[in-house]
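Secondary and tertiary structure notes
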Amino acid sequence: MNKKDIAVNKLKSLGDIILEDVDKNNVPAIKVPSRGTSNIVYDTDKRYYVLGDRYGKRSLGNVKQITKIAQMVYVANFCKDLVRRGKTATLREMYYVSEGWDVDFGDQQESNIVGEDLEVTLGMTREDLGLMPEEDGASVYGNITLQDDDVEINALRAGKSGYTISPTIDDVQFLEHDVKRVIAVETMGMFHRMVQEDAFKKFDTLIVGLKGQAARATRRFLKRVNEELNLPVYLP
């Protein structure tokens, strides 16, 4: 089963849970993993922090939670339509679309939080669900060739600004590379200076400009080149 089918099935399962409770004459409820700091644990195998096993329950029997459940179901249906059609939408676009729903959001922060709840409930990233952030992608410069859809891109031949990391970086294939390491720098000013100084040649490296705090797609790119290409990553 491919990633698209998995996403559609998981999104459908959210509605199935509610319908199953209705058929059994139970009050419908959804279990949502807790995202509090007390439920964040370090996974030594994965080498990053993950959510623990604590859950909260949102029940239609609680008047204060009815709106949250309805919003989550609407977002799930919105995402299911995106995934089925192979389309994407930004988080801000979803917020504006929600103004036509029966349960719209007070502001975008509220819609973002419901999107995050859906992520952790289904165990999938928002990008897998068709939702993209507004943030600009970071840049990569160095001798690596990637396949993005039907286009092969070498980050040395993409201009002095390098290859821009796509929000859908998980779908990009690494074809070949000729570097020994990755150096990630915080500012784009330093990135461009290192490109100008031919640091990619001197240090046999990929240069990644993080643009401040690294976006999720950037972090996934760094994780992939480390695990799939066995390249050490040096961070500021």
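For the structure itself, look to the data block above.
Residues numbered from 1 in each chain as written. Predicted model: local features only at pLDDT ≥ 70, side-chain atom pairs only at ≥ 80, totals over all residues. Heavy atoms only, no water.

What follows covers the layout of surface pockets. Empty space within the largest pocket amounts to approximately 1400 Å³. Secondary structure elements with two or more residues in the lining of the largest pocket: β3 (48-51), α4 (108-122) and α7 (216-228). Grouping the amino acids of the lining of the largest pocket by side-chain chemistry returns 13 nonpolar, three polar and 16 charged. The space that makes up the second largest pocket amounts to roughly 380 Å³. If you go around the second largest pocket, you meet 18 residues; those closest to its centre are Lys-3, Lys-4, Glu-127, Asp-128 and Asp-171. The set of elements that each furnish at least two residues to the lining of the second largest pocket consists of α1 (3-23) and α2 (63-85). For the lining of the second largest pocket, the leading source of residues is α1, giving three residues. Across the lining of the second largest pocket, the residue classes tally to six nonpolar, four polar and eight charged. (1 Å grid on protein atoms, 1.4 Å probe; cavity = no way out; pocket = protein on both sides within 12 Å on 5 of 7 lines; lining within 4 Å. Points joined across faces, edges and corners; volume = space filled by probe spheres on them. Helix = DSSP H or I, 4+ residues; strand = E, 2+ residues; numbered from the N terminus. Nonpolar A, V, L, I, M, F, W, Y, C, P; charged D, E, K, R; others polar.)

For the rest of this paragraph, the subject is the sheet that holds strand β9 (residues 151-154). The strand order across the open sheet formed by three strands is β9-β8-β11, and the pairing between neighbours is antiparallel. Sheet topology places β9 and β11 (173-177) at the edges, where each strand pairs with a single neighbour. Neighbour to neighbour, the strand axes of the sheet diverge by 25° on average, direction disregarded. Here four bridges tie strand β8 (residues 144-148) to β9, and the two strands are oriented antiparallel to one another. By the bridge assignment for β9, Thr-145 is matched with Asn-154. (Pairing = 2+ DSSP bridges. Axes fitted to C-alpha atoms, helices over the stretch in contact; angles between N-to-C directions.)

What follows deals with the side chain of Asn-154. Tracing the sequence through the fold places Asn-154 in strand β9. Accessibility expressed as a relative area gives 10% for Asn-154, which makes it buried. Separated by 3.0 Å, the side chains of Asn-154 and Thr-145 make a polar contact. Polar contacts involving the side chain of Asn-154 include one to the main-chain amide nitrogen of Leu-156, which spans 2.8 Å. Leaving out residues up to four positions away in the same chain, Asn-154 has contacts with Gly-142, Asn-143, Ile-144 and Thr-145. (Buried < 20%, exposed > 50% of the residue type's maximum accessible area, 1.4 Å probe, protein only. Polar contact = N/O pair within 3.5 Å; in protein donor to acceptor, adjacent residues only side chain to side chain. Contact = heavy atoms within 4.5 Å.)

These figures come from the coordinates and say nothing about function on their own.
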